[in-house]
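Close look at the chain arrangement
Letter by letter, the chains look like this.
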Amino acid sequence: MAEAFVWNRDDLEKIYLASRLVFRKEISPEKAAEKLAGIIGHPQDDNMIFFDMYIHMKAGRIFRQSGGDEVIVYFMKRIAEDDGEEALSLALKSVYGYTGFKESVGCDMNDLNRVCSAIEKATGVKPFGV
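Here the residue numbers are simple positions, counted from 1 along each chain's written sequence. Totals for whole chains, interfaces and linings use all residues, but because this is a predicted model, local features are given only for residues with pLDDT of at least 70 and pairs of side-chain atoms are given and counted only at 80 or more. Excluding hydrogens and water, the side-chain values take into account all heavy atoms of the structure.

Structural notes on the packing of helix 4 (residues 69-83) against helix 5 (residues 85-104)
Just so we agree on the cut-off: Helix axes are fitted to C-alpha atoms over the stretch in contact, other axes to C-alpha atoms as well, and angles between N-to-C directions run from 0 to 180 degrees. Secondary structure elements are taken from DSSP: a helix is a run of H or I of four residues or more, a strand is a run of E of two residues or more, and numbering for both begins at the N terminus. Throughout, the term roughly parallel applies to angles under 35 degrees, roughly antiparallel to angles over 145, roughly perpendicular to angles from 65 to 115, and oblique to all others. Crossings are assigned a handedness: left-handed for a near helix turned anticlockwise from the far helix by less than a right angle, right-handed for a clockwise turn. Contacts between residues were defined by any pair of non-hydrogen atoms, one from each residue, lying within 4.5 Å. Put simply, Ala, Val, Leu, Ile, Met, Phe, Trp, Tyr, Cys and Pro go in the nonpolar bin, Asp, Glu, Lys and Arg in the charged bin, and everything else, Gly too, in the polar bin.
Orientation of helix 4 relative to helix 5, taken along the N-to-C sense of each, is 160°, at an axis distance of 7 Å. With respect to helix 5, the element helix 4 is oriented roughly antiparallel. Where helix 4 crosses over helix 5, the handedness of that crossing is right-handed. Contacts from Ile72, Met76, Ile79, Ala80 and Asp83 in helix 4 reach Glu85, Ala87, Leu88, Ala91, Leu92, Val95 and Tyr98 in helix 5. Residues that form the contact of helix 4 with helix 5 fall into these classes: ten nonpolar, no polar and two charged.

Thoughts on the packing of helix 1 (residues 9-23) against helix 4
As a packed pair, helix 1 and helix 4 sit with axes 10 Å apart at the nearest point and diverge in direction by 65°. Handedness of the crossing formed by helix 1 with helix 4: right-handed. For the pair helix 1 and helix 4, contact is made by Arg9, Leu12, Glu13, Ile15, Tyr16, Leu17, Ser19 and Arg20 and by Glu70, Val71, Tyr74, Phe75, Lys77, Arg78, Ile79 and Asp82, respectively.

Considering the pattern of salt bridges
Operational definition: Salt bridge, as applied in this entry: a Lys or Arg side-chain nitrogen positioned within 4 Å of an Asp or Glu carboxyl oxygen. Here's how the labels work: a residue is buried when its accessible area is under 20% of the maximum for its type, exposed when over 50%, partly exposed in between, all with a 1.4 Å probe on protein chains only.
Throughout the structure, instances matching the rule amount to eight salt bridges. Residue Glu81 is joined to Lys77 by a salt bridge in which the shortest nitrogen-to-oxygen separation is 2.9 Å. Linking Glu81 with Lys77, this pair stays in helix 4, spanning four residues, or about one helical turn. According to the relative accessible area criterion, Glu81 is partly exposed, its value standing at 48%. Residue class for Lys77 comes out partly exposed when judged on its relative accessible area of 37%. For Arg78, the salt bridge goes to Asp82, with nearest N and O atoms at 3.1 Å. Of the two residues, Arg78 and Asp82 are both situated in helix 4; the distance of four residues between them amounts to about one turn of the helix. For Arg78, a relative accessible area of 10% puts it in the buried group.

Here it is in C-alpha cells:
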C-alpha cells in the first residue's frame, strides 16, 4: 500500500493563497495552477482540484474530489482565521457533504469526520443549516 503524501506547512499555505486568489477572481484557475505547479512541483490538474475544493468550501457546497484530508483541514483552519465563524460553518457543511458522498460510495471517512467534530467542539461552530 502506498503511503499518503505529507504536505509541509509552507506548501499548504501556498496552495491556500493560490486558491483564495482564484476564488476572488484575481487570477484565472489555469494561470494559478501553472504558477503553483512551478512553485511546489505538484501537477496542474491537482492544483485545479484544490481550487475547486476551496471554492466549494467557501460556498458551503459539496465537492466530490479532494486534494486530501490534510489540505481540507488546513483550508478549514485558514478559512476560520481569515473569514470567521460564518465562513467556517459553510466550510464544515461542505466537508460533511463531501464525507457523506464518499461514504455513499464505500469510502471510510471516519478520520475526517472526527476532525470536523473536534473543530465543532473546539469552536462551538456548527455546519451551516444545522
